[in-house]
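Topology and contacts: notes
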Amino acid sequence: MNETTLEIPYEIPPEASNPVEPFLRMDRMPHIWCAGCGIGTTVNCFTRALIGSKANLDKVAIVSGIGCTGRVAGYARLDSFHTTHGRAIPFATGLKLANPELQVVVYSGDGDLFAIGGNHFIHAARRNMDLKVVCVNNLTYAMTGGQTAPTTPGKVISATSPYGVFEPSFNLVQLAEAAGASYVARWTTYHVKQLSRSMEEMFKKKGFCFIEVISPCPTLYQRRNKMGDGLDAMKFYKEVSKVRNGAPTGECALTKSGEIVVGKFVDRDRPDYLELLRSQMTETLGDRYAEPEVSCCSEC
Amino acid sequence: MHADPAGVLTGVHFLDGDHACCEGSLAAGARFAAGYPITPSTEVVERFAVRIPTVGGIFIQMEDELAASIAIQGAVWAGAKAFTVTSGPGFSLMMEHIGYAAMTETPCVFVNVQRGGPSTGLPTLPAQADMMQARWGSHGDYGIIALCPNSPQEAFDLTITAFNLAEEFRVPVMLMLDECVGHMTEKVVIPAADKIEVTPRRLTSLPPEEFKLFEPREDLVPDMVKAGDGYRFHVTGLTHDERGYPNMSVETQDRLVRRLVDKVKPLANGRALCETGDLEDADVVVVSYGITSRVAQRALQLARARGVKAGKFRLISAWPFPARHIAELAGRVKAFVVPELNLGQMVYEVERAAAGKARVIPVSHAGGGVHDPETILKAIEEAAR
């Protein structure tokens, strides 16, 4: 392998900093992600979206499950929760319902959200719980060494499918739409501008929102399948991605080397859980209905 | 501080244990409950679902017990007092999040109305076979508190105690009913709100820049914050340092896990709850809890009527176990008789505390009913010989 040195053709002033630094726990750097991993790229897009949305960051909470993407919560300088495997969504549900003023973001991986946490995902979507779910889909269980996930496409070699995956995989955007999500989009880590914009749009949207980000795992998924490094993944995404906003999600299934349909697929208005709760209770209880005041002490 | 009158149904009621537990939670200030239907515990949240919309709070029926037991913890970190309710199989599923609550020091209450097990077992019939699970069920070392009411009145009272202890020690507190206590209907007196003491959450007074989320006070319990207040804190189930940041060192693990276990020790050393009677001259002490303590009461009466010097020791807090008290008694009584609706659980704790200084006689029952008082009486008489 050739050693390359990156030469920067200008002076970097000593006080210079990355504009996303205020959003990160810099005292926790360096992060654990591998070179070429796409999770950091998604975090960068996420912070750009937060900047763009002008959100009050004291009122944004981020909840992760377990896995490589599960570590995002730990690096975001927000009220952040690294929960148990698969349970980010029900934790976020409690957080949101007890303080509806919070913008609650769930940030986790495909194995976490769709295998062990799959049941929670579909029910939160059904309820149209006002949660913003970002799934970094690297098509594998990366933290544990590259095992088959419910998203791993057919023919792929993984640690637990050494002769190739033969189980059909989930099409996450179709699943999200079918379960009731108000907003569904998919991008890859090549589409950084589009992803940032999509996240910003999601912050403004009420109800259950879902963004899938196809992201490379050079260390495990790509190495085992001879798909190159992080840069090769970018070239691959560039080559095979096709923007089709509004595409029927049923036509967006992923394969090992076929087309990746990206874009915004669903953007619809449904009353969210708290609106439904309020309207039902007001209808049946009238003036007797007391708006939830969940915090435990008056000074809270 | 006093209870918020909005949740207190002051008066004299005729309630079953499940409903009394629900009223206890409301009096204690719980404004968030998440549950999943399971016999014989569902009545607690069914009543909560009726009551909470006019009190002001949230009940949500989740998709399973895993979800219910973590949703409450999200609510707690948003500032709520919260609880979930279940029975055997659901309790097994909740073990994951009892561990999470212990590790993240999230004050919350788990109500388990015990039924016969293992597995689906006897859904509608009583048992007391989850006592060790309550203490040790989640992986790793941690401290918890478990209380055992033996009447609807106590289901009300101890639910309030459970919430108060959860706040004081920042541990998950188990309220271990059994099917009989859950479904028996008796008089329950609910006092006026200003007669009910509730422990408020101890929120930090430090500003965000000085505050460390898991820096313990002298009593080993850290102060708390809630989401949305600008503290930008981090909570993780990983081993973490005082800032709440993951740290995989042996030293951090030792410091954290020892503190999680040690912080409830003051409760074990003196404040462990029990009810005693006729111990002054006792040769035999019956140690029991929950519904079995009420069956044992009859056996004790019969024993005294026959001239056997038998005394009562009722566990109200099973965990921490009142080991010191049992150890003291062991020095002056002949034997302990321990009836329970399992094949031997709390009896081992009695044995350990007695340390060979008195005989310990289990009176086991696999569950599905309660003991015949005669069976316990026979054990008492044999022990007295």
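Up top is the structure these notes are about.
Let us look at the structure shown here. (Residues numbered from 1 in each chain as written. Chains lettered and ligands numbered in written order. Predicted model: local features only at pLDDT ≥ 70, side-chain atom pairs only at ≥ 80, totals over all residues.)

**Some remarks on the overall build of chain A**
Along chain A, the regular secondary structure elements total ten helices and eight strands. Over its C-alpha trace chain A gives a radius of gyration of 20 Å, about what one expects of a compact globule, namely 19 Å for 300 residues. Each principal axis of the C-alpha distribution contributes one length, and for chain A these read about 75 × 55 × 35 Å. Here the analysis covers contacts within chain A between residues at least 6 apart in sequence; of these, 67% occur between residues at least 24 apart. (Helix = DSSP H or I, 4+ residues; strand = E, 2+ residues; numbered from the N terminus. Rg over C-alpha atoms; globule rule 2.2 N^0.38 Å. Contact = placed C-beta atoms within 7 Å.)

**Looking at the nonpolar core**
In terms of nonpolar packing, the biggest core is built from 212 residues, with Leu-95 of chain A together with Ala-75 of chain B touching the most fellow members. Residues from two domains meet in this core; each of domain 1 (5-195) and domain 2 (273-384) of chain B gives at least three. Those residues in contact with Leu-95 of chain A that sit more than four places away from it in its chain are Ala-61, Val-63, Leu-102 and Val-104 of chain A together with Gly-74, Ala-75, Trp-77, Ala-78 and Ala-227 of chain B. (Core = buried A, V, L, I, M, F, W, Y, C linked by C-beta atoms within 7 Å. Buried ≥ 20, exposed ≤ 12 C-beta atoms within 10 Å, placed from the backbone. Domains from an automatic or database assignment.)

**Digging into the sheet that holds strand β15 (residues 335-340) of chain B**
Residues and elements named next belong to chain B. With mixed pairing, five strands are arranged side by side in an open sheet as β11-β13-β12-β15-β16. Both outer strands of the open sheet, β11 (274-277) and β16 (359-364), are each paired with one neighbouring strand and no more. Direction aside, neighbouring strands of the sheet carry axes that sit 20 degrees apart on average. Here β15 runs beside β16; their pairing, made up of six bridges, is parallel. Residue pairing in the sheet places Pro-339 in a bridge with Val-363 of β16. Those strands touched by helix α10 (residues 290-305) are β12 (284-288), β13 (310-315) and β15, and its axis lies near 165 degrees from that of β12. Across the face of the sheet, helix α12 (residues 346-354) comes into contact with β12, β13, β15 and β16 while running at roughly 165 degrees to β15. (Pairing = 2+ DSSP bridges. Axes fitted to C-alpha atoms, helices over the stretch in contact; angles between N-to-C directions.)

**What about unusual backbone geometry?**
In this model, Gly-117 of chain B is joined to Pro-118 of chain B through a cis peptide bond whose omega is 0 degrees. Mapped onto the elements, Pro-118 of chain B comes out in the loop between β5 (108-116) and β6 (122-126). Positive phi is not limited to glycine here, since Lys-226 of chain A has a value of about 50 degrees. With respect to the element layout, Lys-226 of chain A can be found in the loop between α8 (218-224) and α9 (230-240).

**Looking at the sheet that holds strand β6 (residues 209-214) of chain A**
Judged by pairing direction, the sheet is mixed, and its nine strands sit side by side in the order β7(A)-β8(A)-β5(A)-β6(A)-β4(A)-β3(A)-β1(A)-β2(A)-β10(B) without closing on themselves. At either margin of the open sheet sits one strand with a lone partner, and together these are β7 (241-243) of chain A together with β10 (234-236) of chain B. The average undirected angle you get between the axes of adjacent strands in this sheet is 20 degrees. In this sheet, β10 of chain B lies alongside strand β2 (residues 79-82) of chain A in parallel orientation, the contact comprising three bridges. Counted as the bridge partner of His-82 of chain A is Thr-236 of chain B from β10 of chain B.

**Focus: the pairing of β2 of chain A**
All names here are of chain A. Residues Asp-79 and Phe-81 of β2 are buried on one face, and the alternating residues Ser-80 and His-82, pointing to the opposite face, are buried as well. Both strand β1 (residues 60-64) and β2 contribute to a ladder of four bridges, which runs parallel. The residue bridging Val-63 from the neighbouring strand is Phe-81, located in β2.

**A closer look at helix α5 (residues 118-127) of chain A**
Residues of α5 of chain A that are buried include every one of His-120, Phe-121, Ala-124, Ala-125 and Arg-127 of chain A, and no others. Taken around the axis of α5 of chain A, the buried residues stretch over an arc of 165 degrees, which confines them to a single face. Tucked inside the fold, the buried residues of α5 of chain A contact α3 (88-98), α4 (110-116), α6 (172-179) and α10 (273-285) of chain A together with α3 (65-77) of chain B. Following α5 of chain A by one or two positions, Asn-128 of chain A has its phi on the positive side, about 55 degrees. (Arc of directions from axis to C-beta.)

**Concerning the packing of α3 of chain A against α3 of chain B**
At their nearest, the axes of α3 of chain A and α3 of chain B sit 6 Å apart, and the two run at 40 degrees to each other. The angle between α3 of chain A and α3 of chain B falls in the class oblique. Seen from above, α3 of chain A lies across α3 of chain B with right-handed handedness. Residues Pro-90, Phe-91, Ala-92, Thr-93, Gly-94, Leu-95, Leu-97 and Ala-98 of chain A of α3 of chain A touch α3 of chain B, and the partners they reach there are Ala-67, Ile-70, Ala-71, Ile-72, Gln-73, Gly-74, Ala-75 and Trp-77 of chain B. The residue makeup of the contact of α3 of chain A with α3 of chain B, split by class, is twelve nonpolar, four polar and no charged. (Parallel < 35°, antiparallel > 145°, perpendicular 65-115°, else oblique. Left-handed = near helix turned anticlockwise from the far one by under 90°. Nonpolar A, V, L, I, M, F, W, Y, C, P; charged D, E, K, R; others polar.)

**Examining the pairing of strand β3 (residues 103-109) of chain A**
Residue and element names in this part refer to chain A. In terms of residue burial, β3 counts as a mostly covered element, since seven of its seven residues are buried. Residues Gln-103, Val-105, Tyr-107 and Gly-109 point to one face of β3 and Val-104, Val-106 and Ser-108 to the other, with burial holding for every one of them. By the bridge criterion, four bridges tie β1 to β3 in an arrangement that is parallel. From the neighbouring strand, Val-63 faces β3, where its bridge partner is Val-106. Examined bridge by bridge, β3 and strand β4 (residues 132-137) share five bridges and lie parallel to one another. Each residue of the ladder has a partner; that of Ser-108, found in β4, is Cys-135.

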